[in-house]
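# Descriptive analysis of the structure
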Amino acid sequence: MNFEEVLTSYERMIHHLIHKYQIRDVEGEFFQEGLIAVWEAFKSYDKTKSKFSTYVYSCIARRFIN
């Protein structure tokens, strides 16, 4: 799976977390941070440790909280 496919699969997750944390993202900065988190998760994922969806979710959530 290439990054473009991963990105289209997890865009909804980014929007979900923005909504979950009640973030007003008028300028799209948090969405962009979410995209960066997906990219970093894609590059650092180790399939022996967890499912990719779980890993991506935690990476995006941590980035928003920080």
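The structure under discussion appears in the preceding block.
Residues numbered from 1 in each chain as written. Predicted model: local features only at pLDDT ≥ 70, side-chain atom pairs only at ≥ 80, totals over all residues. Heavy atoms only, no water.

Bringing the overall build of the protein into the picture now. Across its full length, the protein holds 3 helices and 0 strands. In the protein, the order of α-helices and β-strands from amino to carboxyl end is α-α-α. For 66 residues, the compact-globule estimate of 2.2 N^0.38 gives 11 Å, and the protein sits close to it at 11 Å. Along the three orthogonal principal directions, the C-alpha set of the protein runs to about 35 × 20 × 15 Å. Relative to its 66 residues, the protein shows a buried fraction of 29%. Of the contacts made within the protein by residues no fewer than 6 positions apart, 62% connect residues no fewer than 24 positions apart. Accessible surface, the protein: about 4900 Å² in total, of which carbon and sulfur atoms supply 51%. (Helix = DSSP H or I, 4+ residues; strand = E, 2+ residues; numbered from the N terminus. Rg over C-alpha atoms; globule rule 2.2 N^0.38 Å. Buried < 20%, exposed > 50% of the residue type's maximum accessible area, 1.4 Å probe, protein only. Contact = heavy atoms within 4.5 Å. Areas by Shrake-Rupley, 256 points an atom, 1.4 Å probe, with all protein chains shown as cover.)

Side chains carrying opposite charge are able to pair once their charged atoms draw close together. On inspection of all chains with the given rule, the structure shows 2 salt bridges. Here E33 ties to R63 by a salt bridge, and the two come within 2.7 Å at their closest N and O atoms. Residue E33 is located in helix 2 (residues 29-44), and its partner R63 is located in helix 3 (residues 52-65); the two are separated by 30 residues in the primary sequence. The exposure class assigned to E33 is partly exposed, which follows from its relative accessible area of 31%. (Salt bridge = Lys/Arg side-chain N within 4 Å of Asp/Glu carboxyl O.)

Okay, the nonpolar core next. The biggest cluster of nonpolar side chains holds 18 residues, and the ones touching the most others in it are Y10, I14, V38, V56, I60 and F64. Those elements that provide at least two residues to this core are helix 1 (3-20), helix 2 and helix 3. Considering every element that reaches this core, the biggest residue donor is helix 1, with 7 residues. (Core = buried A, V, L, I, M, F, W, Y, C linked by side-chain atoms within 4.5 Å.)

Right, let's talk about the packing of aromatic side chains for a bit. For the structure on display, the rule yields 7 aromatic pairs. On the numbers, 5.7 Å between centres and 70° between planes, the contact of F30 with F64 is edge-to-face. Of this pair, F30 sits in helix 2 while F64 sits in helix 3, and the two are 34 residues apart along the sequence. Judged by relative accessible area, which is 29%, F30 ranks as partly exposed. (Phe/Tyr/Trp six-rings, centres within 6.5 Å; stacked < 30°, edge-to-face > 60°.)

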